[in-house]
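Chain and residue survey
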Amino acid sequence: MREVNTKHVFPQDPNKTYGLMELMKGTKPTVGLQPDDMVFTWPHLLIRELVLFAIVVAGLLVAAFLFDAPLEEIANPNHPPNPAKAPWYFLGLQELVSYSAFVGGVLIPTLIVIGLMLIPFIDRKKIGIGKWFAKERALANGLFLTFLLVMGALIILGTYFRGANWSFVVPWE
Amino acid sequence: MKKKHVRTQQPEIDRRTFLTALGWIGVGLSAAVAALGNLLYLKPAVDYGPPTLIRAGKPDEYKEGIKEVLENDRIAIVRDKKGFAAISVTCTHLGCTVRTSDAGFECPCHGSQFDNDGLVTGGPAPRPLDWYQVSVAPNGELEIDKSVKVTPGTFFTM
Amino acid sequence: MATSQASTTLSLKEKAIAFFNTLYRALFRYGKMPQDAEGQSYAVFNNLFLHIHSVKVSKHSLRFTYTFGLGIIATCLFLVLVFTGVWLMFYYFPSATEAYNRMLDLRSSVDFGFVLRNIHKWAAELMVVFVILHMARVFFTGAYKPPREFNWVIGVLLLLLTFGLSFTGYLLPWDQLAFWAITVGTSIAGYAPVLGEPIRKFLLGADVVGQEALVRFYVLHVVILPGLLSIFLAIHFWRIRKDGGLSHPNENETPVKGTAQ
Ligand code: HEM
Ligand code: FES
């Protein structure tokens, strides 16, 4: 039987060959230290992943038996439905497109994608990391929340408040 | 001792840098050509869509002042005092199929309205409905070429 | 004969046990449920599927109220979608005349066909929702700050791929909803200056939504986009490890009071 030195995570085994696993930036060697807020992935993280997976699958199964996915009549190029709507997540854009196809369909989506990609290169100050709605980041969080709310409002407007001829309707009437 | 040719100046770039650059240019060019080839492959070359040349029957099958919609060809044949016209029934906004109305055409999707000549009278559509070229085929039938657009208002006269 | 050798050789039963032990060890080197530090390290480290994880993770990143498991849920949904999607491919046929009939068959004739289609549909809708929620959590916890800028950019690509997958899948049932949503959606693309029309043509393979568009959307939906998404997902996970695990308050410039150094 191999002897295991339980004091160390990785035993000092003379027969072991070592490979370089990773280079880390740091100011002191941390070999042999056990950072106190670390726990083993097995089982702590894996059990959480497994449970989430089980919940997701169970939820989907229940949903699949309770609610049928919609299926309308067969496609007919001569009879567009009134109104014709894009998938829900594009309805915010379609709402904008109803004002101007170029601005809503091309300009704004392009700006959103470029803007999203640039965020981490503009807002680089290492403050408020690892905390929900950190006070130090109130401005950035406020802006992003506004963006999400505006997109959400447009989607709700396009989904529920637009009827025949894309005219404004009130869903509860 | 015979003096060898001596360079008085270091060249701007040495041989190794030059050859490396040349190599990279070669790789870049091949990649560009390959990318272009792949894009061209994906560009639809054969038109598998509906045919563009349409025979629409004898001219006298159409009555004056009536818009006759050929559903499968997505056009309306209009006969007027001035002659014949073939107007597309595909909305210029986002591609729905428009219906005929008393005033002209209207789109059910987002409410664009067009007059009898397909000019926009309301709604989000950015331009008038397309007009296609009309001619008469050798057998006397009207022939519409959907690949040729004409300016709205150009009627075909016999 | 057998009794005389028993003292030196193993019995058949012992041989069989030893053989299965060898087999088991060849597959799972570190036992069933490793309880010690070494076993638990190796269990993750030496397993192809688990080694996307680091051996240890910070307690902070495990707090449910930090991530709400949103990224993991999105990953789970993607796995479910791949599974149910491949299963649907056994019956689905990307033909303008057949596709719709196949949807009807899945609903009424094929055993459990409706379950697979429903799961695929609901998981697809939920994936869009959870990816957006995950992005929101990353933003509101400041988790995109250095050194995680690049992973945020990969994330944006994943978001676009998720939209692309959902959009291309939308056409496949070939019902009225599908046909007109794609007609409207691709017309919007046509408005882009210069590139708009070529992109529309590339997607549709013709001037209007028809058989060509169905085949192109099918190929994008079942091969190209899931392939790309898997690749970027691998990079996404790899970056999490290389960036030192999930974001953590200790990374802030002004150290939080009370952290031992
Ligand atoms: C297919 C879609 C995506 C999947 C499956 C996915 C999956 C994951 C997972 C499993 C994590 C681990 C932490 C957690 O669960 O929150 C994570 C972290 C991360 N994700 Fe995503 N993600 C996706 C899209 C995105 C998007 C759209 C963004 C942002 C634009 C993004 C940016 C990040 C960043 C920056 C991290 C590191 C967070 C930290 O260190 O706290 N991801 N992702
Ligand atoms: S497609 Fe006709 S109004 Fe939008």
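This part is about the overall build of chain B. Helix and strand content of chain B: 1 helix and 10 strands. Beginning at the N terminus, the succession of helices and strands in chain B can be written as α-β-β-β-β-β-β-β-β-β-β. Taking 15 Å as the expected radius of gyration for a compact globule of 158 residues, we find that chain B reaches 30 Å, considerably beyond that expectation. In terms of its C-alpha atoms, chain B occupies a principal-axis envelope of roughly 105 × 40 × 25 Å. Out of the 158 residues belonging to chain B, those deemed buried represent 31%. Long-range contacts, defined as pairs at least 24 residues apart, comprise 38% of the intrachain contacts of chain B with a sequence gap of at least 6. Accessible area of chain B: about 10,400 Å², with a carbon and sulfur share of 56%. With 19 positive and 18 negative side-chain charges, chain B shows a spacing of 20 Å between the two charge centroids.

Moving on: the interface of chain B and chain C. Across the boundary between the two partners, chain B contributes 14 residues, which contact 13 residues of chain C. Interface of chain B and chain C: buried area, both sides summed, is about 1,100 Å²; carbon and sulfur atoms make up 68% of it. Contact with chain C buries surface across chain B, with B:Leu42, B:Pro44 and B:Leu94 losing the most and accounting together for 45% of the total. Taken together, the links from chain B to chain C amount to 0 salt bridges. Inspection of the region where chain B meets chain C yields 4 residue pairs in polar contact (both at pLDDT 80 or more).

All names here are of chain B. Pairing within the open sheet is antiparallel, and its 4 strands lie in the order S5-S6-S7-S8. The open sheet has two edge strands, strand S5 (99–100) and strand S8 (120–122), and neither has a second partner. The sheet contact formed by strand S7 (residues 113–115) and S8 spans 2 bridges and is antiparallel. Residue pairing for S8: Phe 114 is matched across the bridge by Val 120.

Structurally, A:Glu49 is set in helix H1 (residues 41–66). No salt bridge is formed by the buried A:Glu49. Its closest oppositely charged neighbour is A:Arg48, at 9.7 Å.

Taken domain by domain, chain C consists of domain 1 (11–51) and domain 2 (55–242). Computed from C-alpha atoms alone, the centre-to-centre distance between domain 1 of chain C and domain 2 of chain C is 37 Å.

For any two helices packed against each other, one specifies the crossing angle of their axes together with the interaxial distance. Residue and element names in this part refer to chain C. Running from N to C, helix H6 (residues 70–89) and helix H12 (residues 211–242) point in directions that differ by 155°, and their axes come no closer than 12 Å. Taken together, H6 and H12 sit at an angle that is classed as roughly antiparallel. Relative to H12, the crossing made by H6 is left-handed. Only Tyr 218, Val 222, Pro 226, Leu 229, Ser 230, Leu 233 and Phe 237 of H12 make contact with H6, whose side of the interface consists of Thr 75, Phe 78 and Met 89. In terms of residue class, the contact of H6 with H12 is made up of 8 nonpolar, 2 polar and no charged.

Let's shift gears to the interface of chain C and chain A. Residue-level contacts link 92 residues of chain C with 82 residues of chain A. The largest share of the area that chain C buries against chain A comes from C:Lys56, C:Phe140 and C:Gln176, three residues that together contribute 10% of it. Inspection of the chain C/chain A interface yields 2 salt bridges. For C:Lys145, the salt bridge goes to A:Asp123, with nearest N and O atoms at 3.1 Å. Our enumeration of links across chain C and chain A arrives at 36 residue pairs in polar contact (both at pLDDT 80 or more). Among the elements that line the side of chain C that touches chain A, the one with the most residues is helix H8 (residues 113–140) of chain C, at 17 residues. Of the residues assigned to the side of chain C that touches chain A, the class counts are 58 nonpolar, 17 polar and 17 charged. The pairing of strand S1 (residues 38–40) of chain A with strand S1 (residues 56–58) of chain C spans 3 bridges and is classified as antiparallel. Looking across to S1(C), one finds that A:Val39 is bridged to C:Val57.

Quick notes on the rules
- Residues numbered from 1 in each chain as written.
- Chains lettered and ligands numbered in written order.
- Predicted model: local features only at pLDDT ≥ 70, side-chain atom pairs only at ≥ 80, totals over all residues.
- Heavy atoms only, no water.
- Helix = DSSP H or I, 4+ residues; strand = E, 2+ residues; numbered from the N terminus.
- Rg over C-alpha atoms; globule rule 2.2 N^0.38 Å.
- Buried < 20%, exposed > 50% of the residue type's maximum accessible area, 1.4 Å probe, protein only.
- Contact = heavy atoms within 4.5 Å.
- Areas by Shrake-Rupley, 256 points an atom, 1.4 Å probe, with all protein chains shown as cover.
- Lys, Arg positive; Asp, Glu negative; His and termini not counted.
- Charge placed at Lys NZ, Arg CZ, Asp CG, Glu CD.
- Buried area = accessible area lost by both parts, 1.4 Å probe.
- Salt bridge = Lys/Arg side-chain N within 4 Å of Asp/Glu carboxyl O.
- Polar contact = N/O pair within 3.5 Å; in protein donor to acceptor, adjacent residues only side chain to side chain.
- Pairing = 2+ DSSP bridges.
- Domains from an automatic or database assignment.
- Axes fitted to C-alpha atoms, helices over the stretch in contact; angles between N-to-C directions.
- Parallel < 35°, antiparallel > 145°, perpendicular 65-115°, else oblique.
- Left-handed = near helix turned anticlockwise from the far one by under 90°.
- Nonpolar A, V, L, I, M, F, W, Y, C, P; charged D, E, K, R; others polar.

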